[in-house]
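Per-entry structural report
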Amino acid sequence: MAIWRGLGLVALCAAGAGWFLTAPASLPDGYGATHTPDPEAGQLVFAASGCASCHTAPEAEAAEAPVLAGGLAFPSDFGTFYAPNISSDPAAGIGGWSLPEFARAVTLGVSPGGAHYYPAFPYGSYQNMTDGDVADLYAYMQTLPASDTVSRPHDVGFPFNIRRGLGLWKRAFLPSGFVMPDPDDPVVARGRYLAEGLAHCAECHTPRNAVGALQTDQWMAGAPNPSGKGRIPNITPAALQWSQGDLVEYFTSGFTPDYDSAGGEMAEVIENLSQLPEADREALAAYVAALPPIPSP
Amino acid sequence: MTRLFGLTLAACTVAVAAFAGSHANPALKGAVDARNAQMSMIGYHTGLLGGMAKGDVPYDAATATAAAENLAAAAAMNRAVLWIEGTEQGAVEGSRAKPEIWSDAAGFEEKAMMLEAATAAMVTAAGTDLDALRAAMGDVGASCGACHKAYRGPRN
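Residues numbered from 1 in each chain as written. Chains lettered and ligands numbered in written order. Predicted model: local features only at pLDDT ≥ 70, side-chain atom pairs only at ≥ 80, totals over all residues. Heavy atoms only, no water.

1. Remarks on the overall build of chain A
- A count of helical and extended segments in chain A gives 12 helices and 5 strands.
- Radius of gyration (C-alpha) of chain A: 20 Å, near the 19 Å computed for a compact globule of 297 residues.
- By principal-axis analysis of the C-alpha atoms, chain A measures approximately 75 × 45 × 40 Å.
- The buried share among the 297 residues of chain A stands at 44%.
- In chain A, once contacts between residues fewer than 6 apart in sequence are set aside, the share between residues at least 24 apart is 62%.
- For chain A, the accessible area works out to roughly 14,700 Å², and carbon and sulfur atoms hold 61% of it.
- Taken as two groups, the 13 positive and 30 negative side-chain charges of chain A have centres that lie 16 Å from each other. (Helix = DSSP H or I, 4+ residues; strand = E, 2+ residues; numbered from the N terminus. Rg over C-alpha atoms; globule rule 2.2 N^0.38 Å. Buried < 20%, exposed > 50% of the residue type's maximum accessible area, 1.4 Å probe, protein only. Contact = heavy atoms within 4.5 Å. Areas by Shrake-Rupley, 256 points an atom, 1.4 Å probe, with all protein chains shown as cover. Lys, Arg positive; Asp, Glu negative; His and termini not counted. Charge placed at Lys NZ, Arg CZ, Asp CG, Glu CD.)

Shown next, in the form of structure tokens:
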């Protein structure tokens, strides 16, 4: 009997530890309290972060004030994710959220109700966003139109449909902070913040392991396209030999050095990056040029 | 006009499909090769204009006009015999055409007309002065990007 009691205790401890290890994280009290939100600055954070590219309806054209109704499908090895409504609608969207709730969602991937989000939402990158940028982004998104479109539930099978399990995934696989070591050059540092934090370049340009975690030792070395067709290119200097001027031109007009032009998702990225100040595109180019060269697999 | 174009396109599609039926792959491959050659023509001439726009090459009205005229001609090629059904990415080697080109033919046509309009405007702009050329470059680039975003698949 004693052995069963012992095993029961172990199981209880394991369950307790599991519950603890999968618990959603919280932000420190007073998050963003010292910052005066600036919606105009938030518009640039919004563009750099590419929010509209995923959260506008699939058939929507680019707009001055995008309607973030959601609905775009993201097929993956784990099921199909659907971008939710993050418009300012208080019921269907996120118009009823406080700044701390918004910040917890964006930087920690946790809903106001305490549920983990799937990492199709790139909070692993957004965790690097400064408090001030998050507050500005929040202020800007409040100014965008509301949509009452109800978010479509994700189509994800067992065991990935148990969101609590994502707590363990986050602990085990999310890089904490930046991947590139602190650069001496402030321009590269700004580029690192934009690329690794806001623009979340690695989410597509870095390969993932069997459970969908980014392989940071293959940082930006290219990856299979989740759509199943083609590859997302290696953008480290081992494969991409564009000058920084070429990169800035590409981020501005979408033209490659041989005057091909960006297509697919990258065309949307260009639409976003072209709205940034020239200095930010130069910083991104400096970051890409400073990436450690990693040959394509 | 649109209706007439649609009928012509349908007739051509049937004719080409019949041809493709007897000759299977070569006809489709030929269309894809021709499209890729057309894209090379567009890229080459856009590059001549882009070099001047960026200041890498000094502006010259005659060269710019020649480049813009060829660009506009390449952009305005009749799509009925180039964009034939059955030539999407995966079906024919070398193709990066998305199936949406045929399932959303009106949308594709709209983007193609954007390119025709932008390159026609470039002919005038290129011969005017460098500022006009630079301004016209924006619409050319936007039309390339708009179509590639919606209708071109990823590189293999």
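Now that the structure has been shown, the text picks up again.
2. Regarding the domain arrangement of chain A
All names here are of chain A.
- Here the domain parsing of chain A yields domain 1 (26-173) and domain 2 (186-290).
- Placing the centre of domain 1 and that of domain 2 at their C-alpha centroids yields a distance of 21 Å.
- In this assembly, 21 residues from domain 1 lie in contact with 20 residues from domain 2.
- Taken together, the two surfaces of domain 1 and domain 2 that pack against each other cover about 1,700 Å², and 58% of this comes from carbon and sulfur.
- Considering only the surface of domain 1 that becomes buried against domain 2, A47, A48 and S125 emerge as the three largest contributors, covering 26% of it. (Domains from an automatic or database assignment. Buried area = accessible area lost by both parts, 1.4 Å probe.)

3. Some remarks on the packing of helix α8 (residues 186-198) of chain A against helix α12 (residues 278-290) of chain A
Residues and elements named next belong to chain A.
- At a minimum axis distance of 7 Å, the contact between α8 and α12 shows a crossing angle of 90 degrees. Judged on the interaxial angle alone, α12 and α8 are roughly perpendicular. Seen from α8, the contacting residues are V187, V188, R190, G191, R192, L194, A195 and E196; seen from α12, they are D280, E282, A283, L284, A286, Y287 and A290.
- Classifying every residue of the contact of α8 with α12 by side-chain character gives 9 nonpolar, 1 polar and 5 charged. (Axes fitted to C-alpha atoms, helices over the stretch in contact; angles between N-to-C directions. Parallel < 35°, antiparallel > 145°, perpendicular 65-115°, else oblique. Nonpolar A, V, L, I, M, F, W, Y, C, P; charged D, E, K, R; others polar.)

4. Observations regarding the sheet that holds strand β1 (residues 73-76) of chain A
Residue and element names in this part refer to chain A.
- Taken in spatial order, the 3 strands make up an open sheet running β1-β2-β3, and their pairing is antiparallel. The two strands at the open ends of the sheet, each matched to only one other strand, are β1 and β3 (155-156).
- Of the strand pairs in this sheet, strand β2 (residues 79-82) and β3 are connected by 2 bridges, and their pairing is antiparallel. Looking at β3, one finds that G79 is bridged to V156. (Pairing = 2+ DSSP bridges.)

5. Some remarks on helix α2 (residues 25-54) of chain B
- Between its first and last C-alpha, α2 of chain B extends 42 Å over 30 residues, near the 44 Å set by a 1.5 Å rise per residue.
- Remark: G55 of chain B follows α2 of chain B within two positions and exhibits a positive phi of approximately 90 degrees. (Expected span 1.5 Å × (residues − 1).)

6. Comments concerning the side chain of S87 of chain A
- Relative to the helices and strands, S87 of chain A resides in the loop between β2 and α4 (99-108).
- The contact partners of S87 of chain A, leaving out residues within four places of it in the chain, are L68, G93, I94, G95, P145, A146 and S147 of chain A.

7. Side note on the pairing of β1 of chain A
All names here are of chain A.
- Taken together, the 4 bridges between β1 and β2 define a ladder with antiparallel strand orientation. The residue bridging S76 from the neighbouring strand is G79, located in β2.
- Counted between consecutive antiparallel strands, the loop separating β1 from β2 contains 2 residues.

8. Some points on the environment of A64 of chain B
Residue and element names in this part refer to chain B.
- Within the element layout of this structure, A64 appears in helix α3 (residues 61-75).
- The class for A64 is buried, based on a relative accessible area of 0%.
- Separated by 64 residues in the primary sequence, A64 and T128 have C-alpha atoms spaced 9.5 Å apart.

9. Focus: the interface of chain B and chain A
- The interface of chain B with chain A comprises 18 residues on the first partner and 17 residues on the second.
- Carbon and sulfur atoms make up 52% of the surface buried where chain B meets chain A, a total of about 1,400 Å² over both sides.
- Inspection of the chain B/chain A interface yields 2 salt bridges.
- For K149 of chain B, the salt bridge goes to E271 of chain A, with nearest N and O atoms at 2.8 Å.
- Listed by contribution, the elements that provide at least two residues to the side of chain B that touches chain A are α2 and α6 (130-151) of chain B.
- Each residue belonging to the side of chain B that touches chain A can be placed in one class, and the counts come to 3 nonpolar, 10 polar and 5 charged. (Salt bridge = Lys/Arg side-chain N within 4 Å of Asp/Glu carboxyl O.)

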